[in-house]
Amino acid sequence: GVVVGVGLGLSFSLSLSLSLSPSLRLALSRGLGTMSDFAASQGANGDAGDGEGDDGDLARLRARVTQLEAQVLRLSDECDLLAFENARLREQQASGGGGCDGPPEPATGDDSKYERDIGLLDPTDGRSALTLCHTLDGACGGKNVTCVRFLESLGDTRQFHRRRHRGLSPPSVRAEEVIAVGGADGALHIYRGSSDGAAHWRLATRVGLGAPVLCIDQAEGWVPDALILVVGLMDGKVALLRCESLEALPGVELRVELLGKCKIHRKYVTSIAAGVDGLVVSGSYDKDAVLSRFVPDAGDGDVLQEARRFFHSGEVECVGFHGREHFFVAARGASKIVCYAIEGDAPVGEAAGEESPVSLPLWEGQWEGPVNLNVMHFQVRNENLSQDLHVPAYSPLLLAATDASQHFLFDVRTKRRVRTFAGHDADGFSNPRVTWHGQRGQYVSSNSQHTNSVVTWEIGSGRMVGTKAGAHHGVIKSVYHHTHCDLLVTGGFDRTVKIWSFEEA
């Protein structure tokens, strides 16, 4: 009766959209523990007796207590999310923003200047639309697709789009895009095709890596006249490949050389990022983030050599560099996205200077308790996305995807959460991903879980401006936007890769 009453009390508090206080949660947990102990003690006494009916009653009592404990934990999690929503609404009402419907109020005064300084553009009345250009069926040998991205540095793609953005005539030869695809077949597939989708996309090369491919990044400037791919594998290894585009050689489109595979982690690699000067940071479910350095002349040694290892209390979901001196790590169960200095060992808590990034807390002090969410993916804004001269070359913006149907936009210098994006569906099993896109970087997109959709928000207003429902027939596992043009590529568990064009309606 006590436990049922507590459950009813929780339901009543949920109906009022109020969160439990820490003291009430502690009392509740102690009460449940007392009930469990009581049931266990009664079970021991019942075993000593001879009545079969008593044994059955005690078994039902134990089952009921277990059921109520699970229900209370679920309601507690819901209270956490309601506390988050209440805090967000209070903040919105305090700023005069009103409800979520209708056009946003324009920023004024210091807020307007601040948002322009960090690269946020003014809200518009535009809408976005994704148009399917091409579908690569069975892109990973008929296996599920786990990661996909454009390789913007290969071919003449960059020159083509840079000239187009500057208002100059593009080259006479049509630009071709290059896509790297990884999946469950244990190989890296590289496709080439026309940017307008009219030409047939073709498989340029396939490189077997011996384990499913989970993440891919590219590095420029490490070696002359070539691109280095860093690939995270399910067996805990990191593979490095050298890619050269051989346009001048007849019959040869691309030459890919496997430089080596290095055992960096004990479990599968969830995220990988390539930085400057041969630096690589990788994250894994072994709860480690590892900073390594590329050594091209290693001889018989590993081409990727560990520099430092950073331990976390939970599984590492995402890693990424920010500039030349820092990188971020998101781990499960953490209260923040941790920032590390490349030349240091401890997390960066407070900024040493105005332009320095810091660790980003996932909740603010006025909330009663932590929000039950994890950052599953993040992406630092690429300064090459913007053609606006007012946007600084050093972008302070970091876009984070969580498993609680909420995505956040942070200013990494001030720890300020400048936008919250909602309206999609994401949990820990959906592998939520986010990506910047749009010619000036004014939009962001993400996958949505149960409808297998691609959702787009306008950064200036925070509004959802486009949804492509049923973009795939299975869960979408990867979303990536081209750096230099309005193309989006997605891959999922329907074993296909799709190339989309993005347009403002």
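Above this text is the structure in question.
Residues numbered from 1 in each chain as written. Predicted model: local features only at pLDDT ≥ 70, side-chain atom pairs only at ≥ 80, totals over all residues. Heavy atoms only, no water.

**Q** Please clarify how the sheet that holds strand β8 (residues 237–245) should be interpreted in this entry.
**A** Strands sit in the order β6-β7-β8-β9 across an open sheet of four strands; the sheet is antiparallel. The open sheet terminates on both sides in strands that have one partner only, identified here as β6 (213–219) and β9 (254–263). For this sheet the average axis-to-axis angle between neighbouring strands, irrespective of direction, equals 20 degrees. Bridge analysis of strand β7 (residues 227–233) against β8 gives six bridges, and the strand direction is antiparallel. When the bridges of β8 are listed, Ile228 appears paired with Arg242. (Pairing = 2+ DSSP bridges. Helix = DSSP H or I, 4+ residues; strand = E, 2+ residues; numbered from the N terminus. Axes fitted to C-alpha atoms, helices over the stretch in contact; angles between N-to-C directions.)

**Q** I would appreciate a short explanation of the pattern of salt bridges in the present structure.
**A** Two side chains bearing opposite charge may form a pair once their charged atoms approach each other closely. Evaluation of the coordinates by the stated rule reveals 13 salt bridges. When the shortest N-O distance is used, the salt bridge between Asp288 and Arg266 registers 3.4 Å. Of this pair, Asp288 sits in strand β12 (residues 288–294) while Arg266 sits in the loop between β9 and β10 (269–274), placing them 22 residues apart in sequence. Judged by its relative accessible area of 58%, Arg266 is exposed. (Salt bridge = Lys/Arg side-chain N within 4 Å of Asp/Glu carboxyl O. Buried < 20%, exposed > 50% of the residue type's maximum accessible area, 1.4 Å probe, protein only.)

**Q** Sorry, what's going on with the side chain of His482 here?
**A** The topology assignment puts His482 in the loop between β26 (476–481) and β27 (487–492). In terms of polar contacts, His482 uses its side chain to reach the side chain of Glu177, at 2.9 Å. (Polar contact = N/O pair within 3.5 Å; in protein donor to acceptor, adjacent residues only side chain to side chain.)

**Q** Can you help me understand the packing of aromatic side chains in this one?
**A** Within this structure, the stated rule accounts for eleven aromatic pairs. Consider the rings of Phe310 and Tyr340, whose centres lie 4.5 Å apart with planes at 45 degrees: the pair is tilted. Taken as a pair, Phe310 in strand β13 (residues 304–311) and Tyr340 in strand β16 (residues 336–341) lie far apart in primary sequence, 30 residues in all. Exposure class is identical for Phe310 and Tyr340. Each is buried. Between Phe421 and Trp457, the ring centres sit 5.7 Å apart and the planes meet at 40 degrees, which makes this aromatic pair tilted. Within this pair, whereas Phe421 is found in strand β21 (residues 416–421), its partner Trp457 is found in strand β24 (residues 453–458), the two being separated by 36 residues in sequence. Overall, Phe421 belongs to the buried group, its relative accessible area being 0%. Taken together through their ring pairs, the aromatic side chains of Phe310, Phe321, Phe327 and Tyr340 make up a single cluster. Its end group placed over the ring of Phe408, Arg417 keeps NZ or CZ at 5.4 Å from the ring centre. The residue whose ring lies beneath Lys477 is Phe493, and the NZ or CZ to ring-centre distance is 5.0 Å. (Phe/Tyr/Trp six-rings, centres within 6.5 Å; stacked < 30°, edge-to-face > 60°. Lys NZ or Arg CZ within 6 Å of the ring centre and 35° of its normal.)

**Q** Explain the sheet that holds strand β5 (residues 202–208) here, please?
**A** Hydrogen bonds along the backbone pair up the strands of a sheet, which may run parallel or antiparallel. Spatially, four strands are ordered β2-β3-β4-β5 in an open sheet, and the strand pairing comes out antiparallel. Lying at the two open borders of the sheet, with one neighbouring strand each, are β2 (145–150) and β5. Going from strand to strand, the sheet's axes swing by 20 degrees on average, the running direction of each strand aside. As judged from the five bridges shared by β2 and strand β3 (residues 176–183), these two strands associate in the antiparallel manner. The partner of Val148 across the bridge, within β3, is Val181.

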